[in-house]
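Observations on the model geometry
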Amino acid sequence: MEIKACLFDLDGVVVDTAKFHFLAWKRLGEELGFDFTEEDNERLKGVSRMRSLDILLEIGGLTLTQEEKEAAAAKKNEWYVEFITKMGTDEILPGVKSFFDQLKAAGVKIALGSASKNAMMILERLEIVNYFDAIIDGTHVEKAKPDPEVFLKGAEAVGVQPGEAVVFEDAAAGVEAALNGGMRAVGVGDPAVLKGAQMHIDGFEGFTLEKLRAGLE
Ligand code: BG6
Ligand code: MG
């Protein structure tokens, strides 16, 4: 099937903000009195802020009241935002812009499909807002990945059928969301983690629309 749109997750696909999420959650864990490892962090990828906090608390064996949870999530977000406000345009991952340029030249639509409520701020810092024909982020969706809502809204916003769209994801929940929505998925990262994706890449360096088409055939 023809590729009419590419839908991109943000954190870990377009920009390496996953490391900042990790550092902020780790700091929160330390404040709460437990260690939070990089391995634990895999479970948080692609997951909404509040759900991430629930997983973190489960790992630490802690229970907080709703009020305490909201305060903790706000604190984590403050630390996270501190990191991302220091980010420059060079933080965009290698090859992403060149791939966007190829999509533009070929008339393939570009949409964002992210769980993050900080997505706009990040796109602005990277100066890539204008590449996107549609931006669907954590402020537009009710259901978290692996629910396909974020990607279905993205496909709809750029006027293509799910079967004509390809999703790029670094999280297992995100690949699942794409497949649940009837889209094809390209896993960016470890194929063992991103099971079910029709194609796997390490990143966008040297990646082309031609390679995408060939890989999905
Ligand atoms: C996802 C990240 O893109 O966004 C998760 O993979 C993060 O780690 C989620 O928790 C929500 O982000 P934010 O910026 O709204 O806290
Ligand atoms: Mg991600």
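For the structure given in this document, a descriptive report is provided here. As the structure is a computational prediction, the values presented were derived from the model and not from experiment. (Residues numbered from 1 in each chain as written. Chains lettered and ligands numbered in written order. Predicted model: local features only at pLDDT ≥ 70, side-chain atom pairs only at ≥ 80, totals over all residues. Heavy atoms only, no water.)

A few points about the overall build of the protein chain
Within the protein chain, the regular secondary structure consists of nine helices and six strands. Its C-alpha radius of gyration of 17 Å places the protein chain within 12% of the 17 Å reference for a compact globule of 217 residues. Dimensions along the principal axes, computed over C-alpha positions, put the protein chain at roughly 50 × 35 × 30 Å. Out of the 217 residues belonging to the protein chain, those deemed buried represent 48%. A total of about 10300 Å² of accessible surface is found on the protein chain, and carbon and sulfur atoms cover 48% of it. (Helix = DSSP H or I, 4+ residues; strand = E, 2+ residues; numbered from the N terminus. Rg over C-alpha atoms; globule rule 2.2 N^0.38 Å. Buried < 20%, exposed > 50% of the residue type's maximum accessible area, 1.4 Å probe, protein only. Areas by Shrake-Rupley, 256 points an atom, 1.4 Å probe, with all protein chains shown as cover.)

Examining the coordination of the magnesium ion (ligand 2)
Around the magnesium ion (ligand 2), the protein contributes the donor atoms Asp-9 (OD), Asp-11 (O) and Asp-170 (OD), at 2.0 to 2.2 Å from the metal centre. Each donor residue of the magnesium ion (ligand 2) belongs to the same chain, with the gaps between them written as D-x1-D-x158-D. Separated by 159 residues along the polypeptide, Asp-11 in the loop between strand S1 (5-8) and helix H1 (18-32) and Asp-170 in the loop between strand S4 (165-169) and helix H8 (172-180) bring together distant segments of the chain. The pair Asp-11 / Asp-170 is uniform in exposure class, with both members buried. (Donors = N, O, S within 2.8 Å, 3.2 Å for Na, K, Ca; no water.)

Overview of the site of ligand 1
Near ligand 1 you find 15 residues, and of these Asp-11, Arg-49, Ser-116, Lys-117 and Asn-118 are the closest. Contact between ligand 1 and Asp-11: an oxygen atom at 2.7 Å from a side-chain N or O atom of the residue. A distance of 2.7 Å separates an oxygen atom of ligand 1 from a polar side-chain atom of Ser-116. In isolation ligand 1 offers 390 Å² of accessible surface; the protein chains occlude 96% of this area. Split by residue class, the shell around ligand 1 holds four nonpolar, seven polar and four charged. Looking at which domains feed residues into the shell around ligand 1, each of domain 1 (5-16 + 89-216) and domain 2 (18-84) supplies at least three. (Near = heavy atom within 4 Å. Polar contact = N/O pair within 3.5 Å; in protein donor to acceptor, adjacent residues only side chain to side chain. Nonpolar A, V, L, I, M, F, W, Y, C, P; charged D, E, K, R; others polar. Domains from an automatic or database assignment.)

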